[in-house]
Amino acid sequence: MARPAAVTRRRALALGAGGAALLAAGGAGILGARSGGSRAAARTARPSAPFDPDTARTVLANRSRAVAAGDRTAFLATVSSAPAAFQDAQARLYDNLRRLPLDGWTERFAGTESANAEGGAAVVRVETRYRLRGFDRGDVARARHLTFAPRSGAWTVVGDGSALGYRDDAEIWDAGPLSVVRGRSSLVIGDGGGLDGIAKRLDAAVPVVTGVVGKGWAQRVVALVPADERLAASLAGPDESLGQIAALATVAPSAGGGRGEDRVIVSPGTFGRLNELGRTVVLTHELTHVATGGATDRTTPLWLIEGFADYVGYKHAKVSVRSAASELRRELRSGPAPSAPPSAADFAGSSDHLSQAYQEAWLACRMVAGRYGEATLVRLYRAAGRTSETAALRSVLGLSRDRFVAQWRDYLKKELT
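Because the structure is predicted, anything quoted here is derived from the model rather than measured.

**Q** Just to check I follow, could you spell out unusual backbone geometry for this structure?
**A** Apart from glycine, the bulk of residues carry a negative phi angle, and the bulk of peptide bonds sit in the trans form. Look at Ser152: it is not a glycine, yet its phi comes out positive at around 55 degrees. Positionally, Ser152 belongs in the loop between β6 (140-151) and β7 (154-159). By relative accessible area, which is 85% here, Ser152 ends up exposed. With a phi angle near 60 degrees, Gln219 is a residue other than glycine that sits in the positive phi range. With respect to the helices and strands, the residue Gln219 is situated in the loop between α5 (195-213) and β11 (221-225).

**Q** How do you make sense of the packing of aromatic side chains when you look at a structure like this?
**A** Remark: the centre distance and the inter-plane angle together describe each pair of aromatic rings, the angle taken between the planes. Tallying each qualifying case throughout the model produces nine aromatic pairs. A ring pair is formed by Phe51 and Phe148, whose centres lie 6.0 Å apart and whose planes are at 50 degrees; its orientation type is tilted. Taken together, the residues span a long stretch of sequence, with Phe51 in the loop between α1 (39-42) and α2 (53-69) and Phe148 in strand β6 at a distance of 97 residues. The burial state of Phe51 is the same as that of Phe148; both residues are buried. Pairwise contacts between aromatic rings join Phe51, Phe148 and Trp155 into one cluster.

**Q** Is there a simple way to think about the nonpolar core in this case?
**A** One broad rule of soluble globular proteins: the nonpolar side chains tend to lie buried together. Grouped together as the largest cluster of nonpolar side chains are 73 residues, with contacts concentrated most on Val188, Ile198, Phe308, Leu363 and Phe404. Per-element accounting of this core gives the leading share, 11 residues, to helix α12 (residues 354-372). When residues of this core are assigned to domains, at least three fall in each of domain 2 (171-293) and domain 3 (297-416). Residues in contact with Val188, not counting those within four places in the same chain, are Ser179, Val180, Val181, Leu195, Ile198, Ala199, Leu202, Ala223 and Val225. Phe75, Tyr94, Ala175 and Leu248 belong to the second largest nonpolar core, which has 29 residues in total.

Basis of the calculations
- Residues numbered from 1 in each chain as written.
- Predicted model: local features only at pLDDT ≥ 70, side-chain atom pairs only at ≥ 80, totals over all residues.
- Heavy atoms only, no water.
- Helix = DSSP H or I, 4+ residues; strand = E, 2+ residues; numbered from the N terminus.
- Buried < 20%, exposed > 50% of the residue type's maximum accessible area, 1.4 Å probe, protein only.
- Phe/Tyr/Trp six-rings, centres within 6.5 Å; stacked < 30°, edge-to-face > 60°.
- Core = buried A, V, L, I, M, F, W, Y, C linked by side-chain atoms within 4.5 Å.
- Domains from an automatic or database assignment.
- Contact = heavy atoms within 4.5 Å.

So this is what it looks like as structure tokens:
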């Protein structure tokens, strides 16, 4: 699924202590009021002159220079007339920015959202651009809002835009005090726990993924690990709920309108409940989406996208097929094999067939790799992004779709019953 701000990398799979538990997710997104803005900030004395966007441009440039120079005093001076809660939030923002390996961070005036013609407060839309050194190829752009109001005859920042209903794009710097772990091939940022372990698993997963898909990808990854489930959900996408999600891959939007920058978002509560094997499978699965671009062509069937990621995720997992596909096995023992690979609807978070859908997709890809070779599975994945599912099966495997489905149904029975 594609969204204007970012492209979702689809789903996450997690292996729990008692078997396989499948967890689903989507996109990149926004976060509502969180920085201490209040309606009181919008009720101000009238200035001697109407709001001038150049004033905002000057203040934003000062803030950008302060971050680059490490001048905390200068940064906080831009909000010195704001309520105490907002000043505290801005102090946390500055401290988090300084902990990040930034290769540039700037705020730019992007328009006036709301301004009282008689001289009241003005809400300004701000484009924040940044780049993570050694990982991002280009600048990421995020939309934020700041409220300007007159103080002592000058316009100054007094809050965000939440008092008037404006919502900011979420970013990891909205978290609590950040920690940053740099691995061989990974950058893990968050205020959640277990960052070192996540970095080690991602570092170990890079050669596994590269061994299947080849070297034609960045072979590095940024993971975001917020402790707050609400922030994780906002990073995932508008109105997302991550109650059953362990991790997902997404793309932070590019400032230049290009492809964007890859991110893996870890949902702390659910990820923390996984066993060791489950955590490895989940992160390898998500890294596969990063390496393959998550099949954003809108042509590749979802069963192949998710099944392929699971195939790579389970490649070195020491777990039996019957254990990993326990839900599907129970279903087959009491009923017929599925008549077709799972549809997109089967992968919806509300689907009663969610676990089985992932297991069916994984075993379809496992069957192809086992019978035709792993390289053939990769060719099928890539072909399905250029043409229809039926045409890809015919050109790569020499099978009609009906014949492929028949082979797959027989394979499920053989492996699980």
